[in-house]
2 protein chains.
Amino acid sequence: MDTSQLLKGVLDLAVLAVLRKDDGYGYDVVRRLRAGGLNDVGDASVYGTLRRLYNAGMLTSYVVPSEEGPHRKYYSINETGRARLAESRETWRSFASTLDGLLEEVAA
Amino acid sequence: MDTSQLLKGVLDLAVLAVLRKDDGYGYDVVRRLRAGGLNDVGDASVYGTLRRLYNAGMLTSYVVPSEEGPHRKYYSINETGRARLAESRETWRSFASTLDGLLEEVAA
DNA sequence: AACACTACTACGCATCGCACAGTACTGTCG
DNA sequence: CGACAGTACTGTGCGATGCGTAGTAGTGTT
């Protein structure tokens, strides 16, 4: 099956979600998402999403040179990002319940 | 906001769902989906999805010439389609609860 | 020296919903 | 009766986005 299509438009939400508590860098965000159950998420998708959110002004970023490996580009959610997160969450919930409704009718 | 991306990979499921009870033609399926809450679904999307599902062997079709308007191309779900519906529904439920989980963690 | 792991970037592809335009038929209203 | 709205379908092309793949670069392990 193709779970990748289901991520469309939702990966933004998921990334914002895992960043809400603590700042994170790309590789770390990937791990958090997978730990959260999104096992199939591609790393390139996450890096791309981070850049998109950053360009959209929802994240700030700062580089931390690591002494044990390559540098890490940390991303931090700002107010715009939080607003977007709240908004997207509502959109998601509404959409999910609508679809569940359609599926329920079928089962009945 | 952009609800259209959320439909990705789910419109198939929704279309199969509304066809499960009764056969339907394109224009009618659009109405059923909108009545079910998917207000923003585009008609071209539905027609395209119907054709895709048909080509994938999940629907059969027959034309009914209407005496009051253009002909209607009815689509009927078959066994393959039903199997796909059940499968996709499970995929959806699993995915949705995973994402809800990620959002819950955030709220906590 | 070879390999694995971490960490990021960049290119190009595939999917899929959608806007738009076009065809065609029916009924209604001025 | 002519213009318009509603019904019903088809086809073209676009845009957003997740992903595969490759490349770069640093560190540690065997």
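Going by what an unreviewed UniProt entry lists, chain A is known as PadR family transcriptional regulator and is assigned to Lentzea atacamensis.

Asks: Help me understand the overall build of chain A, please; the structure alone is not making it clear to me.
Replies: A count of helical and extended segments in chain A gives four helices and three strands. Counting helices and strands in the order they occur from the N terminus, chain A gives α-β-α-α-β-β-α. Oriented by its inertia axes, the alpha-carbon framework of chain A measures out at about 60 × 30 × 20 Å. Residues counted as buried form 41% of the 108 residues belonging to chain A. In chain A, of all internal contacts separated by at least 6 residues, the share reaching a separation of at least 24 is 45%. Carbon together with sulfur atoms contributes 47% to the accessible area of chain A, which is approximately 5,800 Å² in total. Mean positive and mean negative side-chain charge positions of chain A (14 and 15 charges, respectively) differ by 5 Å.

Asks: What's the story with the protein's contact with DNA strand C in this structure? I'm lost.
Replies: Taken together, 28 residues are adjacent to DNA strand C, and A:Tyr27, A:Arg72, A:Lys73, B:Lys8 and B:Ser45 come closest. Taking A:Arg72, its side chain carries an N or O atom lying 2.2 Å from a phosphate oxygen of DNA strand C. At a separation of 2.9 Å, a phosphate oxygen of DNA strand C approaches a polar side-chain atom of B:Arg52. Those elements that provide at least two residues to the surface near DNA strand C are helix H2 (26–35), helix H3 (43–55) and strand E3 (72–77) of chain A together with helix H3 (43–55) of chain B. Broken down by element, the surface near DNA strand C gets its largest block of residues, four residues, from H3(B). For the surface near DNA strand C, the class distribution of residues is 10 nonpolar, nine polar and nine charged.

Asks: Would you mind going over the sheet that holds E3(A) with me for this structure?
Replies: Within a beta sheet, neighbouring strands are joined by backbone hydrogen bonds and run either parallel or antiparallel to one another. Residues and elements named next belong to chain A. Ordered in space as E1-E3-E2, the three strands form an open sheet in which the pairing is antiparallel. Whereas interior strands pair on both sides, the edge strands pair on one side only; in this sheet they are strand E1 (24–25) and strand E2 (59–64). Direction of pairing for E2 relative to E3: antiparallel, over a ladder of six bridges. The residue bridging Val63 from the neighbouring strand is Lys73, located in E3. Strands in contact with H3 are E2 and E3; relative to E2, the strand with the most contacts, it is inclined by about 120°.

Asks: Explain the packing of helix H1 (residues 11–21) of chain A against H3(A) to me, please; I cannot follow it from the model alone.
Replies: Packed helix pairs are specified by the crossing angle of their axes together with the interaxial distance, meaning the distance between the axes. Residues and elements named next belong to chain A. Running from amino to carboxyl end, H1 crosses H3 at an angle of 80°, the nearest separation of the two axes being 10 Å. The angle between H1 and H3 falls in the class roughly perpendicular. Here Leu11, Asp12, Val15, Leu16 and Leu19 of H1 lie close against H3, whose contacting residues are Ser45, Val46, Thr49, Leu50, Arg52 and Leu53. Taken together, the residues of the contact of H1 with H3 break down into seven nonpolar, two polar and two charged.

Asks: Can you help me understand the environment of A:Leu99 in this one?
Replies: Within the secondary structure layout, A:Leu99 lies in helix H4 (residues 79–107). Separated by 70 residues in sequence, A:Leu99 and A:Val29 place their C-alpha atoms 28 Å apart. With sequence-adjacent residues up to four places away left out, A:Leu99 is seen in contact with B:Val10, B:Leu13, B:Ala14 and B:Trp92.

Asks: Any chance you could explain the packing of aromatic side chains here in plain terms?
Replies: Here a ring pair, both rings aromatic, is described through the centre-centre distance and the interplanar angle of the planes. On inspection of all chains with the given rule, the structure shows nine aromatic pairs over all chains. Residues A:Trp92 and B:Trp92 carry aromatic rings whose centres are separated by 5.7 Å and whose planes lie at 50° to one another, so their mutual orientation is tilted. Placement of the pair is A:Trp92 in helix H4 and B:Trp92 in helix H4 (residues 79–107), with the two residues belonging to separate chains. For A:Trp92, a relative accessible area of 2% corresponds to the buried category. Measuring from centroid to centroid gives 6.4 Å for A:Trp92 and B:Phe95, while their planes differ by 80°, and the two rings are edge-to-face. Taken together, the residues A:Trp92 in helix H4 and B:Phe95 in helix H4 connect one chain to another.

Asks: It is not clear to me how the sheet that holds strand E1 (residues 24–25) of chain B should be interpreted in this structure. Could you clarify?
Replies: All names here are of chain B. If you trace the three strands from one edge of the open sheet to the other, you get E1-E3-E2, paired in antiparallel fashion. If you trace the sheet from one side to the other, it starts and ends with E1 and strand E2 (59–64), each paired once. Running over the sheet, helix H1 (residues 11–21) touches E1, E2 and strand E3 (72–77) and is turned about 90° from E3.

Rules used in this analysis
- Residues numbered from 1 in each chain as written.
- Chains lettered and ligands numbered in written order.
- Predicted model: local features only at pLDDT ≥ 70, side-chain atom pairs only at ≥ 80, totals over all residues.
- Heavy atoms only, no water.
- Helix = DSSP H or I, 4+ residues; strand = E, 2+ residues; numbered from the N terminus.
- Buried < 20%, exposed > 50% of the residue type's maximum accessible area, 1.4 Å probe, protein only.
- Contact = heavy atoms within 4.5 Å.
- Areas by Shrake-Rupley, 256 points an atom, 1.4 Å probe, with all protein chains shown as cover.
- Lys, Arg positive; Asp, Glu negative; His and termini not counted.
- Charge placed at Lys NZ, Arg CZ, Asp CG, Glu CD.
- Near = heavy atom within 4 Å.
- Polar contact = N/O pair within 3.5 Å; in protein donor to acceptor, adjacent residues only side chain to side chain.
- Nonpolar A, V, L, I, M, F, W, Y, C, P; charged D, E, K, R; others polar.
- Pairing = 2+ DSSP bridges.
- Axes fitted to C-alpha atoms, helices over the stretch in contact; angles between N-to-C directions.
- Parallel < 35°, antiparallel > 145°, perpendicular 65-115°, else oblique.
- Phe/Tyr/Trp six-rings, centres within 6.5 Å; stacked < 30°, edge-to-face > 60°.

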